[in-house]
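Below, each chain spelled out in residue letters.
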Amino acid sequence: MLVEDVVSIKQYNVKKLLTSIRFCDDMTKKDISAHTSLSVATISNLCGELMAKGILAEGRPNMEMRVGRTPNLMKFQYDRYYVLALDFQFADIIGISILNLRNEILFSDSFCVPSGIGAREIIETAKQRLEREVARLKPESQVIGVGASVPAIYDRTDERIKCSSIARYEGIPLKKMLGDAFDCPAYVDNCANLRAISAYAFQPAQSIVCLDVSQGVGGGIVLDGEVLRGKNGFAAELAHIPIGDPAKQCPYCGGFGCVENDLGVENIVKQFPEIDQGLPLPEKWALCVAHFSSHADELAPMLNNLGRLLGQVASILIDLFDPNRFCLTGYITDIFPLLSSSFWAELNVRAKESLNRNLSIDIQERSWSDVYIGIADAMYHRWLP
């Protein structure tokens, strides 16, 4: 037990050292010691071991900025290590990306998935494409892990996907499938958690709440740097909050009034029969956004209802967690300008105290990059160099 404790302390100190210079290229061993509160001797020993492994390298400082003796700088070889990221948010398109350990996206692409294709075949296609790109970028680099974003719950008890808005992923052991296919550590999380992790990586705060509305509706909560997950991983599950249309039966849980049936973008698109439902969801959504924009007056009741529901879900999260920052993300932000008046009207009534105390609210422009960055950051913190 003592040996395990010593190893754990050493791993903790190594990670503390690397994190201190992860985004910084101008720190000496003495600087690192001051930043981490570890002794200079401990830092010197750890740096020596990490340089032997090729994780750290020495660099020379800017001679014009220093006087007297010029100690070498410690540089993290972040660009020698890659994270592979997959985005399973949509049934018919898979996003793929490669990032380094500074969360910089080196490659990003997507491919279509015909109906009837299973998860294993999708993973194999992604693997082939990603491995080809890794070889092109820097063949000698090491992949530290692969992560995936899902519009579902990752059940921590049996490591399977639950309550997925995409049927092909329901119940599958996606983490194991990824680990086996790529032969490296794997990580699976829902889109909202990953966007919250990304928001924290860019601008840390004591508490960050993220509401993500795309194919599904999900919440991500970061408290004191840690994602709030709950016992089984179900924390901040929002899809089945019964504040939607009480006449609509949910196809997933069988209940009535689940908010995802009203706010999920696929369900919004279905309200417009003139849009070809056979198109990939991003294409259908683009047509839907254009239709909303050109018929905003005619569709005002529908838009007001969407804004009201969005404001109610946001208010529930804000009132429950009293965050420093609230982020609205996902495809719903494409039409937020058309929803904003009814959204803010709800918040001004239901979350008034938080707004009066300078709650920071960020309506983020839609992007897949924050999902990929969330995966990369989560994999970095799980990495044991």
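Here the structure is a predicted model, which is why all the values come from computation and not from measurement.

Draft legend 1. Representation of the pairing of strand β4 (residues 93-100). The buried count for β4 comes to eight of eight residues, which makes it a mostly enclosed element. Burial along β4 is two-sided: the face carrying I93, G95, S97 and L99 and the face carrying I94, I96, I98 and N100 are both buried. Here strand β3 (residues 81-87) folds back onto β4, and the loop between the two strands holds five residues. Here β4 runs beside strand β5 (residues 105-112); their pairing, made up of seven bridges, is antiparallel. The residue bridging I98 from the neighbouring strand is F107, located in β5. Joining the antiparallel neighbours β4 and β5 is a turn of four residues, in which N103 adopts a positive phi near 65°.

Draft legend 2. View of the sheet that holds strand β9 (residues 186-190). Strands sit in the order β5-β4-β3-β6-β9 across an open sheet of five strands; the sheet is mixed. Here the strands that pair on one side only, and so sit at the sheet edges, are β5 and β9. Mean inter-strand twist for the sheet, computed between neighbouring axes without regard to direction, equals 20°. For strand β6 (residues 142-150) and β9, the ladder comprises five bridges, and the chain directions are parallel. Paired with A148 across the two strands is V188, which belongs to β9. Of the strands in this sheet, β3, β4, β5 and β6 are in contact with helix α4 (residues 119-137), which crosses β5 at around 150°.

Draft legend 3. Looking closely at the packing of aromatic side chains. Summed over the entire model, instances satisfying the criterion amount to eight aromatic pairs. Each ring, one from Y81 and one from W383, has its centre 5.2 Å from the other, and the planes form 45°; the classification is tilted. Here Y81 is found in strand β3, whereas its partner W383 is found in the segment after α13 (369-382), with 302 residues between them in sequence. The burial state of Y81 is the same as that of W383; both residues are buried. Taken together, a centroid distance of 5.1 Å and an interplanar angle of 75° make the contact between F336 and F343 edge-to-face. The exposure class assigned to F336 is buried, which follows from its relative accessible area of 7%. Among the aromatic residues, those joined into a ring-pair cluster are F76, Y81, Y380 and W383. The side chain of R22 reaches across the aromatic face of Y380, ending 3.9 Å from its centre.

So, how was this worked out
Residues numbered from 1 in each chain as written. Predicted model: local features only at pLDDT ≥ 70, side-chain atom pairs only at ≥ 80, totals over all residues. Heavy atoms only, no water. Buried < 20%, exposed > 50% of the residue type's maximum accessible area, 1.4 Å probe, protein only. Helix = DSSP H or I, 4+ residues; strand = E, 2+ residues; numbered from the N terminus. Pairing = 2+ DSSP bridges. Axes fitted to C-alpha atoms, helices over the stretch in contact; angles between N-to-C directions. Contact = heavy atoms within 4.5 Å. Phe/Tyr/Trp six-rings, centres within 6.5 Å; stacked < 30°, edge-to-face > 60°. Lys NZ or Arg CZ within 6 Å of the ring centre and 35° of its normal.

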